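The chain contents come next:
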Amino acid sequence: PREMHGVLSQGGLLVAYCQDSSRLVVTPSCTAPLGDLVKPSAPPWPAVDLDLAENAWERCRMTLAIQDGKVVAQGTPLAVGGEPCRLLGSAESVAGAVFR
């Protein structure tokens, strides 16, 4: 957590780690409304304590993958504003990317 503009932020970035050691940020479509939820979504999660074993991130990250440059969870594309979330990078760097 970090305080930003007087508000404690629990936000984070979804980053893929590539085989060439680069890191690529997952991005929604540029037409996605600010603050829109990622779909498919569930009720808001409580804050994740990354220091705890078997935390929510550890359980869900194994379901994430890259298919045709799109981020999928259990085979379903993650989308914001009806558009898929993607990794921005070359096809070579995106191939084999994983979430840690």
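Before reading further, recall that the structure is shown in the block above.
This is a predicted model, so every value here is computed, not measured.

## Comments concerning the overall build of the protein
Summing up its helical and strand segments, the protein has two helices and ten strands in all. The helix and strand sequence of the protein, counted from the amino end, reads β-β-β-β-α-β-β-β-β-β-β-α. Across the 100 residues in the protein, those meeting the buried criterion constitute 23%. Of the contacts formed within the protein by residues at least 6 apart in sequence, a portion of 58% connects residues at least 24 apart. For the protein, the exposed area adds up to about 7400 Å²; of that, 57% sits on carbon and sulfur atoms.

## Digging into the pattern of salt bridges
In the structure shown here, the tally under the stated rule is one salt bridge. Notably, a salt bridge pairs Glu-58 with Arg-61, separated by 3.0 Å at the nearest N-O pair. Note that Glu-58 and Arg-61 are positioned in helix 1 (residues 56–61) at a spacing of three residues, about one turn of the helix.

## Some points on the side chain of Asn-55
Topologically, Asn-55 is positioned in the loop between strand 4 (23–27) and helix 1. Aside from chain neighbours lying at most four places away, what touches Asn-55 is Val-48, Asp-49 and Leu-50.

## A closer look at the pairing of strand 5 (residues 64–67)
Here strand 5 pairs with strand 6 (residues 70–73) via four bridges, running antiparallel. Paired with Ile-66 across the bridge in strand 6 is Val-71.

## Examining unusual backbone geometry
Residue Asp-68 is not a glycine yet carries a positive backbone phi of 55°. Note that Asp-68 resides in the loop between strand 5 and strand 6. In this model, Gln-74 sits at a positive phi of 50°, which is unusual for a non-glycine residue. One can find Gln-74 in the loop between strand 6 and strand 7 (76–77). Overall, the relative accessible area of 69% leaves Gln-74 in the exposed class.

## Quick notes on the pairing of strand 4
Across the two faces of strand 4 the burial differs, with Leu-24 and Val-26 buried and Arg-23, Val-25 and Thr-27 not buried at all. As defined by bridge partners, strand 3 (residues 15–17) adjoins strand 4 across three bridges and the pair is classed as antiparallel. Its bridge partner being in strand 4, Ala-16 is matched across the sheet by Leu-24. Relative to strand 10 (residues 86–87), strand 4 runs antiparallel, the two sharing two bridges. Counted as the bridge partner of Val-26 is Leu-87 from strand 10.

Cut-offs used in this document
- Residues numbered from 1 in each chain as written.
- Predicted model: local features only at pLDDT ≥ 70, side-chain atom pairs only at ≥ 80, totals over all residues.
- Heavy atoms only, no water.
- Helix = DSSP H or I, 4+ residues; strand = E, 2+ residues; numbered from the N terminus.
- Buried < 20%, exposed > 50% of the residue type's maximum accessible area, 1.4 Å probe, protein only.
- Contact = heavy atoms within 4.5 Å.
- Areas by Shrake-Rupley, 256 points an atom, 1.4 Å probe, with all protein chains shown as cover.
- Salt bridge = Lys/Arg side-chain N within 4 Å of Asp/Glu carboxyl O.
- Pairing = 2+ DSSP bridges.

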